[in-house]
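In case you want the letters, here they are:
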Amino acid sequence: MAVGAGRPGGVGDTAAGRTYVAEFGRMRDGGSHLDYSVYHDRYRRTSDGWKFAERVYEVEYVDTTPPAGSARGSARES
């Protein structure tokens, strides 16, 4: 988090930050979902501490190609 971003010489009441996310899920039907995303955040200092002022979720990459092979113990084997 860049506290006081854009305010040289002191800490301000606003800040910005980014969080990078990698998510993978394997579905019961054998499919999968992989994505790489970024949260673009803006924060605001309040009397209760720092709070989110804005959060934007940006998906950079998505892959829904089924993975090669089969999972051990999958629903199909039961």
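Source: prediction; values computed, not measured.

Rules behind the numbers
- For every chain, the first residue of the written sequence is number 1, and numbering continues from 1 along that sequence.
- A pLDDT threshold of at least 70 governs which residues receive local features in this predicted model, and a stricter bar of 80 or more applies before side-chain atom pairs are shown or counted, although totals over entire chains, interfaces and linings include all residues.
- Processing note: side-chain calculations cover all non-hydrogen atoms of the structure and skip hydrogens and water entirely.
- Numbering goes from the N terminus for both helices and strands, where a helix is a DSSP run of H or I of at least four residues and a strand is a run of E of at least two.
- Buried means the residue's accessible area, taken with a 1.4 Å probe over protein chains only, is under 20% of the maximum for its type, while exposed means over 50%, and partly exposed covers the values in between.
- What makes two residues a contact is simply this: any of their non-hydrogen atoms within 4.5 Å.
- Residue exposure ignores everything except the shown protein chains as possible cover, and the areas themselves are Shrake-Rupley values with a 1.4 Å probe.
- Each salt bridge in this description consists of a side-chain nitrogen of Lys or Arg and a carboxyl oxygen of Asp or Glu lying within 4 Å of one another.
- Residues adjacent in sequence count toward polar contacts only when both atoms are side-chain atoms; beyond that, a polar contact is any pair of N or O atoms within 3.5 Å, and within protein one must be able to donate a hydrogen and the other to accept it.
- Whether two strands pair depends on DSSP finding at least two bridges between them.
- The criterion for an aromatic pair is that two Phe, Tyr or Trp rings (for Trp, the six-membered ring) have centres within 6.5 Å, with stacked assigned to planes under 30 degrees apart, edge-to-face to planes over 60 apart and tilted to the rest.
- Residues enter patches when they are more than 30% accessible in relative terms and free of salt bridges; like-charged ones are connected within 9 Å and nonpolar ones (Val, Leu, Ile, Met, Phe, Trp, Tyr) within 5 Å.

Draft legend 1. Representation of the overall build of the protein chain within the structure. From N to C terminus, the protein chain includes 0 helices and 4 strands. Secondary structure elements in the protein chain, listed N-terminal to C-terminal, are β-β-β-β. Within the span of the protein chain, comprising 78 residues, buried residues form 17% of the whole. The contacts in the protein chain between residues at least 6 apart in sequence include a share of 39% that link residues at least 24 apart. As presented, the protein chain carries roughly 6,000 Å² of accessible surface, and 50% of it is formed by carbon and sulfur atoms.

Draft legend 2. Seen up close, the pattern of salt bridges. The full count for this structure, using the stated rule, is 3 salt bridges. The closest approach of N and O atoms between Arg-45 and Asp-13, which form a salt bridge, is 3.2 Å. You can see Arg-45 sitting in strand β3 (residues 32–46) and its partner Asp-13 sitting in the loop between β1 (2–3) and β2 (14–26), a full 32 residues away along the chain. Looking at Arg-45, the relative accessible area reads 35%, which means it is partly exposed.

Draft legend 3. Geometry of the side chain of Ser-37. Position of Ser-37 relative to the elements: it lies in strand β3. Classification of Ser-37 by relative accessible area gives buried; the value is 2%. In this structure the side chain of Ser-37 is engaged in a polar contact, spanning 3.0 Å, whose partner is the side chain of Tyr-57. Excluding residues that lie within four positions of it along the chain, Ser-37 makes contacts with Thr-19, Tyr-20, Val-21, Tyr-57, Glu-58, Val-59 and Glu-60.

Draft legend 4. Summary view of the pairing of strand β4 (residues 49–63). Both β3 and β4 contribute to a ladder of 13 bridges, which runs antiparallel. The residue bridging Leu-34 from the neighbouring strand is Asp-63, located in β4.

Draft legend 5. Representation of the packing of aromatic side chains. The full count for this structure, using the stated rule, is 3 aromatic pairs. Here the aromatic rings of Tyr-39 and Tyr-57 are separated by 4.9 Å at their centres, their planes lie at 45°, and the arrangement is tilted. A residue pair is termed long-range when its members are at least 10 positions apart, and Tyr-39 in strand β3 and Tyr-57 in strand β4 qualify at 18 residues. Of the residues examined, Tyr-39 reaches a relative accessible area of 24% and is grouped as partly exposed. With relative accessibility at 37%, the residue Tyr-57 sits in the partly exposed group.

Draft legend 6. Broad picture of a nonpolar patch on the surface. Together, Tyr-57, Val-59 and Val-62 make up an exposed nonpolar region whose accessible area comes to about 250 Å². Topologically, Val-62 is positioned in strand β4. By relative accessible area, Val-62 is classed as partly exposed at 45%.

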